[in-house]
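# Coordinate inspection notes
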Amino acid sequence: MRKKVVAANWKMNLLRSEASGLAGEIIKGLPGPKIYNKVDLIIAPTFTSLNAVQSIIKETGVQLCAQNVFWKESGAYTGEISAGMLIDCGCKWVIIGHSERRHILKETDEMVSLKVKSGLNGGLKVILCVGELKDERENGKTMEVISNQLVKGLGGLDSACIDSLVIAYEPVWAIGTGLNAEPEDAEAVHRNIKEVVSGLLDCKIEKIRVMYGGSVNTGNIKSLVSQPNVDGVLVGGASLNKDSFLEIIRVSGD
Ligand code: PGA
């Protein structure tokens, strides 16, 4: 049985005191230590709150995650942060290729690929986000777009990375919109993603974890995580509220 992954993506929200306060409330409300056996619990605050959140979660099984990484180890790259610096802050994970970075910050597949490699080589586990735009879905291009993102994002990697890699399927039209993919549609895309990744990395399909993201909330979590190939969720808006995030964790661990 694959362990589920539940990640809070706090995006560009919360000052340090707010981030550590919310992290503390989440830890206090967890359904008991057994949850860590069933679910990888991950929190991705802003860079400026990494240390503050780490000091709250360090004695627990909750794992710290960054929202981005640069592909060089050090040097004249103003404003960028390396994998080594993230590890130094206590990060275990990094989110790469989020649609907000692809579309607002104009990150290309080539940049995503460099980031995936440097994250993995630097000792971080990687959540690689993929997903289609609304018109791409309407034109029947969902899997073409996603396969292309996977081929480019995972180029040069092999099965050795599979325990350190999770794919997040995030349909762009579902992020922050209140719209979410029908659970059966998400399941079909997840199955296809696993086939593509299994071919690319030459690894067993059962080893691949694919989480869903895009307007996950307390109302849709059960139907999403009960799909056989939905191995967890990447949660934005609903992770900023302790009660809704705790409910999402509880249902994911059922
Ligand atoms: P959302 O964000 O849950 O607010 O839609 C998800 C994400 O962008 O990771």
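The structure we're discussing is the one just above.
In what follows, the accompanying structure is described. (Residues numbered from 1 in each chain as written. Predicted model: local features only at pLDDT ≥ 70, side-chain atom pairs only at ≥ 80, totals over all residues. Heavy atoms only, no water.)

### Some words on the pattern of salt bridges
Filter applied, for reference: Basic side-chain nitrogens of Lys or Arg form a salt bridge, by our definition, when they fall within 4 Å of a carboxyl oxygen of Asp or Glu. For every residue, the accessible area obtained with a 1.4 Å probe (protein chains only) is divided by the maximum for its type, and the residue is called buried under 20%, exposed over 50%, and partly exposed between those limits. Every helix listed is a DSSP run of H or I at least four residues long, and every strand listed is a run of E at least two residues long, numbered separately from the N terminus.
Counting across every chain of the model gives 16 salt bridges. When the shortest N-O distance is used, the salt bridge between Asp 109 and Arg 102 registers 2.8 Å. Considered together, Asp 109 and Arg 102 belong to a single accessibility category, that of buried residues. For Arg 191, the salt bridge goes to Glu 187, with nearest N and O atoms at 3.4 Å. Highlighted residues: Arg 191 and Glu 187, both in helix α9 (residues 183-201), separated by four residues, approximately one helical turn. Exposure remark for Arg 191: the relative accessible area of 41% places this residue in the partly exposed category.

### Overview of the site of the ligand
Cut-off, in case you're wondering: Here a residue counts as near a molecule or strand whenever at least one of its heavy atoms sits within 4 Å of it. Polar contacts, as counted here, are pairs of nitrogen or oxygen atoms within 3.5 Å of one another; within protein the pair requires one atom able to donate a hydrogen and one able to accept it, and residues that are adjacent in sequence qualify only if both atoms are side-chain atoms. Exposure was quantified through the Shrake-Rupley algorithm and a 1.4 Å probe, taking into account, for residues, occlusion by the shown protein chains and nothing else. Polarity classes work like this: nonpolar for Ala, Val, Leu, Ile, Met, Phe, Trp, Tyr, Cys and Pro, charged for Asp, Glu, Lys and Arg, and polar for all others, with Gly in that last group.
Neighbouring the ligand are 13 residues, the closest being Lys 11, His 98, Glu 170, Gly 176 and Ser 215. A distance of 3.4 Å is found between an oxygen atom of the ligand and a side-chain nitrogen or oxygen belonging to Asn 9. A distance of 2.9 Å separates an oxygen atom of the ligand from a polar atom in the backbone of Gly 236. When the free accessible area of the ligand is taken as 280 Å², the share hidden by the protein chains comes to 95%. A class-by-class count of the residues in the shell around the ligand yields four nonpolar, seven polar and two charged.

### Side note on the nonpolar core
To be explicit about the condition: Here, nonpolar core means buried Ala, Val, Leu, Ile, Met, Phe, Trp, Tyr and Cys residues that are tied together by side-chain atoms lying within 4.5 Å of each other. Contacts are assigned to residue pairs that have any heavy atoms within 4.5 Å of one another.
In terms of nonpolar packing, the biggest core is built from 66 residues, with Leu 128, Ile 167 and Ile 193 touching the most fellow members. The contacts of Ile 167, once residues within four sequence positions are left out, are Leu 128, Val 130, Leu 150, Leu 154, Ile 193, Val 197, Arg 209, Val 210 and Met 211. Within the second largest apolar cluster, 13 residues are counted, among which are Ala 7, Ile 42, Cys 65 and Cys 129.

### A word on the environment of Val 145
Relative to the helices and strands, Val 145 is located in helix α8 (residues 142-153). Ignoring anything within four residues of it in the chain, the contact list for Val 145 reads Gly 131, Glu 132 and Glu 136.

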